[in-house]
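Now for the letters of each chain:
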Amino acid sequence: MLDAAAQKDWDKAVLKANENRRYAIRRAAGHKVAQAGDAAVPAIGRYEKAKGRNNIVLTLIDSISRAKTTGPLTRGLLQEWAGDRNFYWRSQALTGLANRALPELRDLYLASLNDPSHLYRIAAAKGLLLLPTVGEDLEVVLPLLRDTDPRVRLRVGICLLEINNPHGIAPVAESLQSNGRIFLDDPWGQRNATQGIRALEKFADRDFGYRSAEDDKARQTALTKINAYAVTRIPATTPRYTPPELKPNTTTGGFDIRSCRLGDLFVQWTADGLVSFGLEQGEQVQISSERWTALTPGIAKLAGTKIHGRVVCDYIRIRIEKPDVHQKCAPASLPKPITKWLQSLADGIKAAGREDLAKRITQRLTQFVSDDKK
Amino acid sequence: MKLGLLSTLCALLFAAPPAEPTEVDFATISDYDYVEGMELPKEVTKYHEEEISISGFMRREDSGTGPVDFFMLINDACGCEGTPKLNEVIFCAMPSGESTEIKPGSVTVTGTIYVEEVLDDDIVVSIYNLDADTVKK
């Protein structure tokens, strides 16, 4: 049991880790708190009680997640966080448990493989892959290599390569083909490809020349080498996924919802009302020209560039080219005109016969709708 | 003396226009496994004290609202996939006396970048620091 002076020191360290104005100082302080293990947990608990769980910063939780400490207080804290659906960083907490390879949590991981949050699914897969029971559990993890979210396919693939399992080669090689994919202005495909090639080169212990490629031709040469390597190493039983063909970028607008509780949603549309869902635009629905024309005037009311509320983790962001709309909103902060417009969009999608896709929008909107009566 | 004055005048009249900032991206500056104390790769140190332009997503350093003097630039719209590693963040400072709103979406920042480990109490707190001249959508 720490004495009062030591407890006070940890209170200061936790405060610094959460509230210092500079990111780098918070990160360094978080690292120190994390390395202390159980000694610092009571101080974290006091901070949480005073400020609220969702005011604990990601840098601290990430540091604890990566630390090797396995004391009972640390494990208890991570389990509590991982089990709280309203906690922004529950996935990072589950990753922390996964990193500690605790066999007694196997059932938790098994139950989490279908979570709506992509990060939670990845953490659950990692948890199972790091346990001694990996041989038995591989058959329930491998289906994630056909997850419709490319981020899940890649990250689970990387986890497999990290335990020297060649089933990870296929999704990682696939990520390199998606290098040019973007969602609105977010180059997610390039990020995936960067992570993917580093994992593959580490696994294969060779440089394929992909990262140093200076033009598309050189990159294509590297991809040819990678594909030649992959074809000889991918097991015949690896679940394979063929992403939708990369479409020409005719997007004129879209929105994304990032929700650790309800799962992310990516929606974009063209000038004539063809609406696509998913990072890879895997599902599409054509809104009738009548409905789409009726939606157009409402866009003018959304014009402007603004962040509404305090965005910590979850947000909804809407981006339309003409007129210039770029609004980002924290939970319970979505202005009424945007809510109304998105609801009308969902109605149009439902009228086009895809009530399932419309529900994906309306269910997630509930987290962001403002209580403001204005 | 007249020759010297003439030479100076010619140099001023025919001086090359300032060079365009070098376009850099996160794929280049983040593409290595950073370990504290390591010798940073030549591929990134070559930009030290260079005028560059880079696109990314703005993040507040603190938890408040309103305009900022400092901000972080990262390569992730969401920023919730995990804490960016130090070689995945550029710490940007606005010119003295100026501030900026945190803008949603991707921005292009132009300015002078400094590529070196910066320590605070023996801990590396940054690798990339940028004195921003402009922040544009």
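Throughout what follows, the structure given in this document is the object of discussion. Remember, it's a predicted structure, so these values are computed and weren't measured experimentally.

### Quick notes on the packing of aromatic side chains
All names here are of chain A.
Okay, step 1: Under the counting rule described, the total for this entry stands at 8 aromatic pairs over all chains.
Okay, step 2: Summarising the aromatic geometry, the rings of Trp-269 and Trp-292 are spaced 6.2 Å apart at their centres and angled 65 degrees between planes, so their arrangement reads as edge-to-face. Taken together, the residues Trp-269 in strand E2 (residues 265-270) and Trp-292 in helix H14 (residues 289-299) connect sequence positions 23 residues apart. By the burial criterion, Trp-269 is buried, and Trp-292 matches it.
Okay, step 3: The structure contains a cluster of three or more aromatic residues connected by ring pairs, namely Phe-255, Trp-269, Trp-292 and Trp-341.
Okay, step 4: Here the basic side chain of Arg-90 rests over the ring of Tyr-120, its NZ or CZ set 4.3 Å away from the ring centre.

### Considering helix H11 (residues 169-177) of chain A
Okay, step 1: In terms of burial, H11(A) is largely enclosed, as 8 of its 9 residues are buried.
Okay, step 2: Turning to H11(A), the residues buried within the fold contact helix H10 (150-162), helix H12 (188-204) and helix H13 (216-233) of chain A.

### A few points about the packing of helix H4 (residues 58-66) of chain A against helix H6 (residues 90-99) of chain A
Residues and elements named next belong to chain A.
Okay, step 1: Across the interface, H4 lies against H6 with an axial gap of 7 Å and an inter-helix angle of 15 degrees. Taken together, the axis directions place H4 and H6 in an arrangement best described as roughly parallel. In the packing of H4 onto H6, the handedness of the crossing is left-handed. Contact residues: Leu-58, Ile-61, Asp-62, Ser-65 and Arg-66 in H4; Gln-92, Ala-93, Thr-95, Gly-96 and Asn-99 in H6.
Okay, step 2: Per-class residue counts for the contact of H4 with H6 are 3 nonpolar, 5 polar and 2 charged.

What counts, and at which threshold
Residues numbered from 1 in each chain as written. Chains lettered and ligands numbered in written order. Predicted model: local features only at pLDDT ≥ 70, side-chain atom pairs only at ≥ 80, totals over all residues. Heavy atoms only, no water. Phe/Tyr/Trp six-rings, centres within 6.5 Å; stacked < 30°, edge-to-face > 60°. Helix = DSSP H or I, 4+ residues; strand = E, 2+ residues; numbered from the N terminus. Buried < 20%, exposed > 50% of the residue type's maximum accessible area, 1.4 Å probe, protein only. Lys NZ or Arg CZ within 6 Å of the ring centre and 35° of its normal. Contact = heavy atoms within 4.5 Å. Axes fitted to C-alpha atoms, helices over the stretch in contact; angles between N-to-C directions. Parallel < 35°, antiparallel > 145°, perpendicular 65-115°, else oblique. Left-handed = near helix turned anticlockwise from the far one by under 90°. Nonpolar A, V, L, I, M, F, W, Y, C, P; charged D, E, K, R; others polar.

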